[in-house]
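# Overview (structure and organization)
Chain by chain, the residues run as shown.
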Number of protein chains: 2
Amino acid sequence: MRGVTEAYDAVDLIIAKREKRELTTAEIDWLVDAFTRGYVADEQMSAWAMAVLLNGMTRSEIRDLTLAMIASGERMSFDGLGKTTVDKHSTGGVGDKITLPLAPLVASFGLAVPQLSGRGLGHTGGTLDKLESIPGWRADIAPDAMRAQLRDVGAVICAAGAGLAPADKRLYALRDTTGTVEAIPLIASSIMSKKIAEGTSALVLDVKFGEGAFMKDLELARELARTMVALGTDAGVATSALLTDMTVPLGLTIGNALEVRESVEVLAGGGPADVIELTVELARAMLAHGGLPDADPAEALADGRAMDVWRRMIAAQGGDPDAPLPTAKESETVTAPSSGILSSQHALPFGIAAWRLGAGRARQQDPVSAGAGIELHAKPGDRVTKGQPLFTLHSDEEARIPRALASLEGAWAIGEVAPAARPLIADRIS
Amino acid sequence: MRGVTEAYDAVDLIIAKREKRELTTAEIDWLVDAFTRGYVADEQMSAWAMAVLLNGMTRSEIRDLTLAMIASGERMSFDGLGKTTVDKHSTGGVGDKITLPLAPLVASFGLAVPQLSGRGLGHTGGTLDKLESIPGWRADIAPDAMRAQLRDVGAVICAAGAGLAPADKRLYALRDTTGTVEAIPLIASSIMSKKIAEGTSALVLDVKFGEGAFMKDLELARELARTMVALGTDAGVATSALLTDMTVPLGLTIGNALEVRESVEVLAGGGPADVIELTVELARAMLAHGGLPDADPAEALADGRAMDVWRRMIAAQGGDPDAPLPTAKESETVTAPSSGILSSQHALPFGIAAWRLGAGRARQQDPVSAGAGIELHAKPGDRVTKGQPLFTLHSDEEARIPRALASLEGAWAIGEVAPAARPLIADRIS
């Protein structure tokens, strides 16, 4: 029963989604506004989110939700910066550290990359959690400082200010601890509300599919990508998407400091082939939006231009790019029980294992461990010999290691034939 | 990701129900215990409850949940009272005030009726909310006072102490505001955990079905009744159930003080036929459990014995049985637009209308209005003439009346033929 001053009642709107009724624009506007004001409580919004996860939302509800999220806060603008702004967003995968090399890489071509990022959500790591493993580095910077950094350095990776889509910020944190992360409508509106409110002129989406991604299925991922591309285009943001495979972990590291280390390797011209490929392909798409369709990002990785921007970007936010990265107190290496070909390496259990080792969080207030995570010593298709290290678990708490190992039961296998090669990029949508 | 000292992670268990996996006994024990300790947050439990509502629970999960709820707190005992204790519980319906005349009626035969009751849940009123409209009456009494009152008066209607199934108490309040009331497994475990922990030796369940009840469907209600009878019997409580029709509101009043007034009419030997019938039938079942299968409850209503216990019961808890009951500030009467036979009167919209008028609550912390509600002036089958009053809405806030009227659109009709008579009691399970 609603108070006289409230247009709707939260329980009615929860029950509506529970019973699969479509919400009106006015109902969604009220719900998001009332949640922002604190009139609709966390426990109501999480029940609503679970109903949305299990029963879905229509396309028009998703659009309304996105617009309501944007309207819950400020809108930024990078007009007058004298540079084209291009942003990228990944729907999240295991070992996905691409933002770290990508932002400085694209900025090294003179574009501005205002990369507002998040913290850990479910079994996938958060970009800010990763960068915070660099001694001194701060995720929170003031809008003026962000603007100055975009002008002077070209790339900023920082936390979205509290003023930007605050309703989304609250809901995002809530979903993380309530088992409601994997809801397509909520993923789409969360991503696009932040990106539209942030005022970027172009956006490239890395929509992942496969068992380590929120979307297990390519077709669902394609639908998510199309929904988001339409949402962006309607809002005046040039938007395109890559559909990329998340069956195996990306690169050879999962965990905060471990992924920073690997990103620096890529910026130094090395690093694993899959991380390089995805970084370069996303950079190409972003550079195309920025009017540089013929630029060669691989060259900027090889000749140190991207590394130079990285070092300036880290330093501008208080970080020391030369400081040693934290390492975890405990580690355990798993070796090959027999010789053969590594035939599988399932992204999801490796992601969950890294999370259990301390790289992610169970509750909003929990800290993450900088050093925790997993180093992979072999990738599917690699030939291994008995006794050879396959992967190493790192944690600050010894007791977490057996639990992580438990989640890795059946997560990898050694066989006699190499698995079929899978293209990393399955499709492009624009 | 769980802390090292926790056996399970709340997110894992939410996702398990979301994905329709059966929880183990140990998982349910942990969840309920961790929720009681405050480690599992309200927003996690409400998301879990929504997943349970939409995906169900197995019979073994329901049993485990009930036992875990009991284990979350104290167990009471009425051994040594020198009287047989018999309790009754209704799954809730619109206008269901039966507990009020029933408890003193059964007590007038020398049995002890320890009626631990709740507050408003969804569109059905709460027994305590109703009794609190009596000036001075207190729902909270100490265990010693309760015992003394059971010995001296025979009937107590009071709030379950915080020590009794505290996990259920928290979950019950949470469900009320998160659209998760109508979940069979949660209804069954909530009712039975409280009743088993309370230590009654016998229990009669009034399981309602029809559109004004949680169970719309007789078969679902039967399954709920069987589940609860089995839970009670297994725990050593002699348990039986009546399946009763909740298609139309019970009696002629819906709302707190209005229902007290009607209950007093029944105790005075008058009142609506359906309220009398159900009171007498439930009393017979309770008296049979108490070793008095031949007692005649109708006589005790007629000769004032039940009324005498009522007055002593109210007075023992600080209430003045002679004080005028509160009335609402505003009212509006709807009259018959044409002559004919009242052919329908749907319980659910009338319940929702009374709730919107202020008789129920939208949030845990909201107060209820004592005077708000609906008086019915005619019942289905009654012949009405154009301009004759059909029902009167009462509210403390004028603005609530149009909203209540809106929910009554199509809730009643005048036709030419009387609706088919429906038996109030559809089945008995023991």
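Residues numbered from 1 in each chain as written. Chains lettered and ligands numbered in written order. Predicted model: local features only at pLDDT ≥ 70, side-chain atom pairs only at ≥ 80, totals over all residues. Heavy atoms only, no water.

### Quick notes on the domain arrangement of chain A
All names here are of chain A. By the assigned domains, chain A splits into domain 1 (86-160 + 198-316) and domain 2 (330-415). Using C-alpha coordinates to define each centre, domain 1 is positioned 24 Å away from domain 2. Between domain 1 and domain 2, the residue contacts involve 25 residues of the former and 24 residues of the latter. Across the contact surface, domain 1 and domain 2 share three salt bridges. With a closest N to O distance of 3.2 Å, arginine 261 and glutamate 375 form a salt bridge. (Domains from an automatic or database assignment. Contact = heavy atoms within 4.5 Å. Salt bridge = Lys/Arg side-chain N within 4 Å of Asp/Glu carboxyl O.)

### What about the sheet that holds strand β5 (residues 238-245) of chain B?
All names here are of chain B. Read from one edge to the other, the open sheet built from four strands follows the order β1-β4-β5-β13, with strand pairing classed as mixed. What marks the edges here is a single partner per strand, and that holds for β1 (86-90) and β13 (425-429). In this sheet, neighbouring strand axes are inclined to one another by 15 degrees on average, regardless of whether the strands run parallel or antiparallel. Note: β5 against β13, four bridges, orientation antiparallel. Counterpart to alanine 241 in the pairing with β13 is isoleucine 429. Together, β1, β4 (202-209) and β5 form the strand contacts of helix α9 (residues 184-198), whose direction differs from that of β1 by roughly 170 degrees. (Pairing = 2+ DSSP bridges. Helix = DSSP H or I, 4+ residues; strand = E, 2+ residues; numbered from the N terminus. Axes fitted to C-alpha atoms, helices over the stretch in contact; angles between N-to-C directions.)

### Notes on the interface of chain B and chain A
Quite often, the size of an interface is put as the accessible area lost when its parts meet. Taken together, the 41 residues of chain B in the interface contact 40 residues of chain A. The interface formed by chain B and chain A contains four salt bridges. Close ionic contact of B:Asp12 with A:Arg356 constitutes a salt bridge, the shortest N to O distance being 3.5 Å. Applying the counting rule to chain B against chain A returns 12 residue pairs in polar contact (both at pLDDT 80 or more). Per element, the largest residue contribution to the side of chain B that touches chain A is 10 residues, and it comes from helix α3 (residues 42-55) of chain B. Class assignment of the residues belonging to the side of chain B that touches chain A gives a composition of 15 nonpolar, 11 polar and 15 charged. (Polar contact = N/O pair within 3.5 Å; in protein donor to acceptor, adjacent residues only side chain to side chain. Nonpolar A, V, L, I, M, F, W, Y, C, P; charged D, E, K, R; others polar.)

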